[in-house]
Amino acid sequence: MNRSFIAQNPSVLWFLLALGLFTIGVTILSDAGVGIISTSFVKTLGKTLCLCLVAIAMDLVWGYCGILSLGHFAFFGIGGYAIGMWLMYARTEGIVLESLANQTIPPTPQEVSDAIGNQIFGVVGSSEFPVFWAFADSLSLQLLMVVLIPGLLALVFGWLAFRSRVTGVYLSILTQAGTLALSLYLFQNDSGLRGNNGLSGLQNIPGFETTPQSTISLAFFYASALALALGYLLFAWVVSGKMGSVIKAIRDDEARVRFLGYHVESYKLFVFTLTAIVAGIAGALYYPQAGIINPAEIAPIASIYLAVWVAIGGRGRLYGAVIGAGFVSLLSSWFTGGGAPAIDLGFYTIQWTDWWLVLLGLSFVAVTLFFPKGIGGLFDYLVRKPS
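Residues numbered from 1 in each chain as written. Predicted model: local features only at pLDDT ≥ 70, side-chain atom pairs only at ≥ 80, totals over all residues. Heavy atoms only, no water.

A. Structural view of the overall build of the protein chain. Check the secondary structure of the protein chain and you find 15 helices and four strands. Here the C-alpha atoms of the protein chain give a radius of gyration of 23 Å, agreeing with the 21 Å that 2.2 N^0.38 yields for 387 residues. Judged by the C-alpha coordinates and their principal axes, the protein chain covers about 80 × 55 × 55 Å. When each of the 387 residues of the protein chain is scored for burial, the buried share is 46%. Put simply, the protein chain has 18 plus and 18 minus side-chain charges, and the middle of one group is 21 Å from the middle of the other. (Helix = DSSP H or I, 4+ residues; strand = E, 2+ residues; numbered from the N terminus. Rg over C-alpha atoms; globule rule 2.2 N^0.38 Å. Buried < 20%, exposed > 50% of the residue type's maximum accessible area, 1.4 Å probe, protein only. Lys, Arg positive; Asp, Glu negative; His and termini not counted. Charge placed at Lys NZ, Arg CZ, Asp CG, Glu CD.)

If you want it as structure tokens, here you go:
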């Protein structure tokens, strides 16, 4: 008798139940409820859920398929830039139209466009829209770009790399080099995305100017929770059944899988492209909550952090990636946001804002040496521990 997908994967049900209870709890404690949790912390939790989503994408491509991509956070950033272009255009358009409303002679569409361009690109000494801003005035088309651009980039890169059978550390270096090239290009003022200034004011959602940030932050929190739930379900389905067995076999012994007649490159390309698309969606939800995106967000170090989260949580376990990303992200906010008190040793005062990255690096080394299965492995041990 064939069992249902949930029956075969009970951890999926437990995860969805935990996520649902967490969402309800945050709603009750937020300003919409008893007001214990601040609006800024609701945004932090919403951003954390987005990071958990990109972490499970990283876990699928690395933990299950064995492809250590050090460039997946670039897809996350591309999704943020795609939605950020519409947010900035629409918000600036509203400001420009309001400022020109009192003119005796109504402005022409070209005058409005020029004024919008000057407002957006004046900071980098330009006023002309680059070609790829052609759809910035359309929310539906920019949402399509959130999916299409990361997907197409991953498809082209993956096809070139996998058909050449680039694997292991060489593939990691290629993905890292591509991410570095992209971030360096975006730092230039003539990149068309405002260089180091990035896109700002993304928390101001056009059409909802009078809506309190507490309401907007909660709406994005719900959207992030829903995206994480759907992403978890999707990836759990991918790694179950025959497809999941082939993907894990590629990780363990690619040559043998190829010898058995499977087209390894197709499976790897599917996983690489799918996870890039999900990473782009996660970025599109993250940056309106962060309020700003700049090229530093997609520097190679960000993708390395992503790998660290998955390793600490336990790669090869979707819930482990969620635990790792959530734990490290919230701990990082606490340490770097001034929540952790300084420690006075007499001869030296430890300021955690300076030492957080050292602590994170030591944690990664400790997990690698002593807990190779990560935090998620401890849950496995507790569940399977004989009575």
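B. Highlighting the packing of helix α12 (residues 300-313) against helix α14 (residues 352-370). The N-to-C vectors of α12 and α14 enclose an angle of 45°; their axes lie 10 Å apart at closest approach. Between α12 and α14, the angle is such that the two are oblique. Regarding α12 and α14, the two cross each other, and that crossing is left-handed. Here Tyr-305, Val-308, Ala-311 and Ile-312 of α12 lie close against α14, whose contacting residues are Leu-357, Leu-360, Ser-363, Phe-364 and Val-367. Class assignment of the residues belonging to the contact of α12 with α14 gives a composition of eight nonpolar, one polar and no charged. (Axes fitted to C-alpha atoms, helices over the stretch in contact; angles between N-to-C directions. Parallel < 35°, antiparallel > 145°, perpendicular 65-115°, else oblique. Left-handed = near helix turned anticlockwise from the far one by under 90°. Contact = heavy atoms within 4.5 Å. Nonpolar A, V, L, I, M, F, W, Y, C, P; charged D, E, K, R; others polar.)

C. Quick look at the side chain of Ser-172. Tracing the chain through its elements places Ser-172 in helix α7 (residues 168-186). Take Ser-172: its relative accessible area is 6%, and that puts it in the buried class.

D. View of the packing of aromatic side chains. Tallying each qualifying case throughout the model produces 15 aromatic pairs. Taken together, the aromatic side chains of Phe-73, Phe-76, Tyr-286 and Tyr-287 make up a single cluster linked through ring pairs. Between Arg-163 and the ring centre of Trp-159, over which it is positioned, the NZ or CZ distance is 4.5 Å. (Phe/Tyr/Trp six-rings, centres within 6.5 Å; stacked < 30°, edge-to-face > 60°. Lys NZ or Arg CZ within 6 Å of the ring centre and 35° of its normal.)

E. Region of interest: the nonpolar core. Within the largest apolar cluster, 110 residues are counted, with the highest numbers of intra-cluster contacts made by Ile-56, Phe-73, Phe-76, Trp-133, Leu-199, Leu-228 and Phe-235. Broken down by element, this core gets its largest block of residues, 16 residues, from helix α3 (residues 39-64). Beyond its immediate chain neighbours, meaning those up to four positions away, Trp-133 contacts Met-85, Tyr-89, Ile-120, Phe-121, Gly-192, Leu-193 and Leu-199. (Core = buried A, V, L, I, M, F, W, Y, C linked by side-chain atoms within 4.5 Å.)

F. Focus on a nonpolar patch on the surface. On the surface, Trp-14, Leu-17, Leu-21, Ile-24, Ile-28, Leu-29, Val-34 and Ile-36 cluster together into a nonpolar patch covering about 840 Å² of accessible area. Among the structural elements, Val-34 can be located in the loop between α2 (10-29) and α3. Judged by relative accessible area, which is 56%, Val-34 ranks as exposed. (Patch = residues over 30% accessible without salt bridge, like charges linked within 9 Å, V, L, I, M, F, W, Y side chains within 5 Å. Areas by Shrake-Rupley, 256 points an atom, 1.4 Å probe, with all protein chains shown as cover. Salt bridge = Lys/Arg side-chain N within 4 Å of Asp/Glu carboxyl O.)

G. Region of the structure containing helix α11 (residues 264-290). If you check α11, its first and last C-alpha atoms are 38 Å apart, about what 27 residues at 1.5 Å a residue would give, namely 39 Å. Among the 27 residues in α11, 21 count as buried, and that is most of the element. Once α11 ends, the next one or two residues include Gly-291, with phi positive near 95°. (Expected span 1.5 Å × (residues − 1).)

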